[in-house]
Amino acid sequence: MYSPVTHIFSQHDRDAIARHIEATAAQDYSPFWTSGWPSEIEAALLDAVFTARATYGGTNTGVRRVISRWRAYRSTDHPDDLAALASFTDRPDALAEILGNRQRVAGNSTTKAEAVAKCAAVLVGCGVRAADQLFDADDQREAFTAIAGVGPKTWECALFLVGRRTLDALLHFVAFASDAVGRRVEGELAEHFLQLTAESMGAPHAALEHAVWRYQRRIGPAAPLPSLSEAG
């Protein structure tokens with residue numbers, strides 16, 4: 001069946017994006033080739049807060065070690081109820097002990113463990129307990145980013161990890177794909193290009209997006225390039 005996306009996406013483009021992935025976020029060295037936590041809001045929140053200004057680590061270190069320790073405490077591989085983290089609002093030191101991590105947020109005002117508990121509590125107050133209830137809604141965003149040491153980037157990260165793709169994420173995909181092929185790839189077309197690349201690599205689409213997003217988020221937006229129409 002004819003597809004305008006696959007028609008536009010030439011073999012040259014496939015190769016260019018694959019090379020760019022290999023050069024910037026290859027599977028053998030990037031720790032971000034995971035699909036996030038699409039149905040585990042507790043893991044997503046821990047990841048979003050603890051990854052800030054920190055080394056992500058491997059399977060059993062860094063951020064994922066924090067999540068593993070929390071899973072062990074919760075006795076579940078599917079932690080998806082923010083009330084559990086919110087219950088530590090008045091005893092953040094106990095949560096830091098469980099997580100085995102006493103890193104502090106930007107500005108040094110509190111531990112990341114305390115920030116996680118407070119973020120969980122305000123989201124519960126907005127009616128959010130599970131991953132499928134988290135959206136880029138004004139009340140959720142404002143409550144979340146009002147917590148000391150937690151800002152818009154952490155909010156965007158939490159959304160991305162539960163599977164929400166905001167305009168911010170789309171712009172990063174556009175920047176990555178455009179930089180790879182040497183011309184501006186407009187809007188959702190960049191997502192389609194990444195999906196087709198994932199299929200050609202035999203990799204999960206969400207995992208490729210995660211690796212690309214983390215890389216592009218770190219370096220910032222690419223310089224403007226000619227659009228598809230301008231490039232002919």
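Refer to the structure printed above.
Per chain, the residues get numbers from 1 upward, laid out in the order the sequence is written. In view of the model being predicted, local features appear only for residues whose pLDDT reaches at least 70, and side-chain atom pairs are presented and counted only at 80 or more, with totals across whole chains, interfaces and linings using the full set of residues. Water and hydrogen atoms were dropped before computing side-chain values, which therefore reflect all heavy atoms in the structure.

Peer 1: Describe the overall build of the protein, naming the residues involved and giving the relevant values.
Peer 2: Broken down by element type, the protein carries 13 helices and 0 strands. Taken over C-alpha atoms, the radius of gyration is set against a globule rule of 2.2 Å times the number of residues to the power 0.38. Computed over its C-alpha atoms, the radius of gyration of the protein comes to 19 Å, within 12% of the 17 Å expected for a compact globule of 232 residues. Counting every position in the protein, which comprises 232 residues, the buried fraction comes to 47%. For this analysis, residues touch if any pair of their heavy atoms sits within 4.5 Å. In the protein, the share of contacts with a sequence separation of at least 24, taken over all contacts with a separation of at least 6, comes to 67%. Accessible surface computed for the protein: about 10,800 Å², of which carbon and sulfur atoms make up 51%. Just so you know, the count uses Lys and Arg for positive and Asp and Glu for negative, and it drops His and the chain ends. For this purpose, a charge sits on NZ of Lys, CZ of Arg, CG of Asp or CD of Glu. Seen as two clouds, the 23 positive and the 28 negative side-chain charges of the protein have centres 7 Å apart. Starting at the N terminus, helices and strands are each numbered in turn, a helix being any DSSP run of H or I of at least four residues and a strand any DSSP run of E of at least two. Buried residues are those whose accessible area, probed at 1.4 Å on protein chains only, stays under 20% of the maximum for their type, while exposed residues exceed 50% and partly exposed ones sit between those limits. For the area figures, the Shrake-Rupley method with a 1.4 Å probe applies, and any residue is considered shielded solely by the protein chains shown.

Peer 1: Account for the layout of surface pockets, naming residues and giving values.
Peer 2: For the largest pocket, the calculated volume is near 380 Å³. A cavity here means a set of 1 Å grid points, computed over protein atoms only, where a 1.4 Å probe fits but cannot escape. A pocket is an open set with protein on both sides within 12 Å along at least 5 of 7 lines, and lining residues have an atom within 4 Å of a point. In this structure, the largest pocket is lined by 13 residues; those nearest its centre are Thr51, Ala52, Arg53, Arg214 and Arg217. For the lining of the largest pocket, the elements supplying multiple residues, two or more each, are helix H9 (152-161) and helix H12 (205-219). Only Asp, Glu, Lys and Arg are considered charged, only Ala, Val, Leu, Ile, Met, Phe, Trp, Tyr, Cys and Pro nonpolar, and every remaining residue, Gly among them, polar. Of the residues that constitute the lining of the largest pocket, the class distribution is 5 nonpolar, 3 polar and 5 charged. Grid points are joined across faces, edges and corners, and a volume is the space filled by probe spheres set on the points.

Peer 1: Kindly report on empty space enclosed by the protein, identifying the contributing residues and their values.
Peer 2: Taken as a whole and assessed by the stated rule, the structure comprises 1 cavity of 30 Å³ or more. Quantified by volume, the largest cavity comes out at close to 40 Å³. In terms of lining, the largest cavity is formed by Ile41, Ala44, Leu45, Leu82, Leu123, Leu134, Ala158 and Val162. When residues of the lining of the largest cavity are assigned to their parent elements, the largest contribution, 3 residues, is made by helix H3 (residues 41-50). A breakdown of the residues in the lining of the largest cavity according to their chemical character gives 8 nonpolar, no polar and no charged.

Peer 1: Can you explain the nonpolar core? Please cite residues and give values.
Peer 2: The tendency in soluble globular proteins is for nonpolar side chains to be buried as a group. Only buried residues count toward a nonpolar core. Its members are Ala, Val, Leu, Ile, Met, Phe, Trp, Tyr and Cys residues joined through side-chain atoms within 4.5 Å. Residues Ile17, Leu45, Leu46, Trp70 and Leu85 are the most contacted members of the largest nonpolar core, which totals 72 residues. Sort the elements by how many residues they give to this core and H3 lands first, with 8 residues. Excluding residues within four positions of it along the chain, Ile17 makes contact with Phe9, Ala177, Ala180, Val181, Phe193, Leu194 and Thr197.

Peer 1: How would you sum up the packing of H3 against helix H7 (residues 112-125)? Please name residues and give values.
Peer 2: All axes here are fitted lines through C-alpha atoms, helices being fitted over the stretch that makes contact, and every angle between N-to-C directions spans 0 to 180 degrees. Two numbers describe how H3 lies on H7: the axes approach to 10 Å, and their chain directions differ by 135°. Of the possible angle classes, the one that applies to H3 and H7 is oblique. H7 is crossed by H3, and the crossing has right-handed handedness. For the pair formed by H3 and H7, the contact residues are Leu45, Leu46, Val49 and Phe50 on the first element and Lys112, Ala113, Ala115, Val116, Cys119 and Ala120 on the second. Roughly parallel means an angle under 35 degrees; roughly antiparallel, over 145; roughly perpendicular, 65 to 115; everything else is oblique. Less than a right angle of anticlockwise turn of the near helix away from the far helix marks a crossing as left-handed, whereas a clockwise turn marks it as right-handed.

Peer 1: Describe in detail the environment of Ile21, supporting the description with residues and values.
Peer 2: With respect to the element layout, Ile21 can be found in helix H2 (residues 11-24). The exposure class assigned to Ile21 is buried, which follows from its relative accessible area of 2%. The sequence separation of Ile21 and Thr197 amounts to 176 residues, and the corresponding C-alpha distance is 9.8 Å. The residues touching Ile21, leaving out its near neighbours within four places in the chain, are Ala26, Trp33, Phe176, Thr197, Met201, Leu208 and Val212.

Peer 1: Quick rundown of helix H6 (residues 92-99)? Include the residues and the values.
Peer 2: For H6, the complete set of buried residues consists of Pro92, Leu95, Ala96, Ile98 and Leu99. Along the axis of H6, the buried residues cluster in a sector spanning 160°; they form a single face. Of the exposed residues in H6, those oriented more than 90 degrees away from the buried face are Asp93 and Glu97. The inward-facing, buried residues of H6 contact H3, helix H4 (62-74), helix H5 (83-86) and H7. Backbone geometry just after H6 places Gly100 at a positive phi near 65°. Here the arc refers to the set of directions running from the helix axis out to each C-beta atom.

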